[in-house]
Amino acid sequence: MSQLAIDLRSDTVTQPTPEMRAAMAQAVVGDDVYGEDPTVNALEALAAEKTGKQAGLFVPSGTMGNLIAVLTHCGRGDEAIVGNLAHTFLYEAGGISALGGVHSRQVPNQPDGTLDLEDIRAAIRTDDLHCPPSRLLVLENTHNRCGGAVLSVEYTRAAAALAHEHGLPVHLDGARLFNAAAALGVSAADLAAPVDSVTFCLSKGLCAPVGSVLCGTTDFIRQARRIRKQLGGGMRQAGVLAAAGLIALEKMSLRLAEDHQRAQRLAQGLRALSGVQLDPGTPHTNMVYLSLTDDVPMEASQVAQSLREGGVLVGVVGQRRFRLVTHYWIDDQAVFQTVTAFKALLG
Ligand code: TLP
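Quick summary incoming for the structure in this document. (Residues numbered from 1 in each chain as written. Predicted model: local features only at pLDDT ≥ 70, side-chain atom pairs only at ≥ 80, totals over all residues. Heavy atoms only, no water.)

**Digging into the overall build of the protein chain**
Next up, step 1: Within the protein chain, the secondary structure is distributed over 14 helices and 13 strands.
Next up, step 2: For the protein chain, whose C-alpha radius of gyration is 20 Å, the value lies close to the compact-globule estimate of 20 Å for 347 residues.
Next up, step 3: Taken over the C-alpha atoms alone, the protein chain extends approximately 60 × 55 × 35 Å along its principal axes.
Next up, step 4: Of all 347 residues assigned to the protein chain, the portion counted as buried reaches 54%.
Next up, step 5: Relative to all contacts within the protein chain whose residues are 6 or more apart in sequence, the contacts with residues 24 or more apart total 73%.
Next up, step 6: Roughly 14,300 Å² of accessible area belongs to the protein chain as shown, and the carbon and sulfur atoms make up 52% of that amount.
Next up, step 7: Positive and negative side-chain charges of the protein chain, numbering 29 and 35 respectively, have mean locations separated by a distance of 3 Å. (Helix = DSSP H or I, 4+ residues; strand = E, 2+ residues; numbered from the N terminus. Rg over C-alpha atoms; globule rule 2.2 N^0.38 Å. Buried < 20%, exposed > 50% of the residue type's maximum accessible area, 1.4 Å probe, protein only. Contact = heavy atoms within 4.5 Å. Areas by Shrake-Rupley, 256 points an atom, 1.4 Å probe, with all protein chains shown as cover. Lys, Arg positive; Asp, Glu negative; His and termini not counted. Charge placed at Lys NZ, Arg CZ, Asp CG, Glu CD.)

Rendered as structure tokens:
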């Protein structure tokens, strides 16, 4: 049941653990659109408890969780303030505008994943009929394209206070919220306390095969449930998936520091090689971002292809740039083999 290759392309590639597969086989299920799946209900309650919110909604993906959140907070023609490197802006197929008619206002992400408070302030519209009304602020923690950087509780509080001062709720794309919590030594609830809604993923570092949970107030989740149905995300005997999600939340959320330590070791090994240059500060959590140095006569895709032939899969995120993500199925040996494979290729 372990993975065949050393797959560092993402933590989305994680396969369910044997314990998850057993729990899935034995899950008690019901029709969740009727609210009658006890395993889904247990997962939603646990997710709400862990994030310190009143209620949770099990959704098929992080993308759908974020989309539902934005569509619940905003109407057509409203504007959501997002980072220019936010997953919601870059990698969710433009769903908020295509499906919700929500206009995005992009504010530059700082290298640490934050949005400068003055940039947020400047992006909030005044009441002017020429402009779409500002309706929402979206943050991301950990921040994927900013190297897996972590937003602190203090920053999240300050950004949310500013948004709230102007009447805007805040949604947190916390796809890897538990990685952020592990890195900071705080709880997911501490990180989510300042925001109005939060999505986190069960299917990344937490190893479940499918699913994310959107959490917020009871009233917000009641509205979000209708939008999930509208988008075709109402699932029936979804308890088979939620059973894995429960293990993800209860157990796998407690071991993420291990992945962060392996990312550190991987970075240490790669830093010693010629031919690659690591991003300053990488890794913040479970992602190592690096680039080929100018003297390497290959592009990232060629290097990735050669590594693949040796059984090591890495993410190509630019012409000369890679992302390597550690997760449950990457052990010390895999880290060693990866460094060895890069060394054999680049010297
Ligand atoms: N990210 C994926 C790719 O889409 C880039 C990855 O491999 O990292 N928010 C954040 C911050 C994410 O990184 C992702 C997935 C999502 C949302 C979407 O989650 P899914 O894939 O479940 O829709």
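**Digging into helix α12 (residues 256-271)**
Since the α-helix turns once every 3.6 residues, residues separated by three or four places project in the same direction.
Next up, step 1: Its 16 residues give α12 an end-to-end C-alpha distance of 23 Å, which sits within 8% of 22 Å, the value for a rise of 1.5 Å per residue.
Next up, step 2: Along α12, the residues that are buried comprise Leu256, Asp259, His260, Arg262, Ala263, Leu266, Ala267 and Leu270. Viewed along the axis of α12, the buried residues span an arc of 160°, placing them on a single side of the element.
Next up, step 3: The inward-facing, buried residues of α12 contact α8 (177-184), β9 (276-278), β10 (287-292), β13 (321-325) and α14 (332-346). (Expected span 1.5 Å × (residues − 1). Arc of directions from axis to C-beta.)

**Focus: the pattern of salt bridges**
Next up, step 1: All told, the structure shown has 17 salt bridges when counted by the stated rule.
Next up, step 2: With a shortest N-O distance of 2.6 Å, glutamate 19 and lysine 251 are connected by a salt bridge. Of this pair, glutamate 19 sits in helix α1 (residues 18-26) while lysine 251 sits in the loop between α11 (239-250) and α12, and the two are 232 residues apart along the sequence.
Next up, step 3: Under the relative-accessibility criterion, glutamate 19 is labelled partly exposed at 38%. (Salt bridge = Lys/Arg side-chain N within 4 Å of Asp/Glu carboxyl O.)

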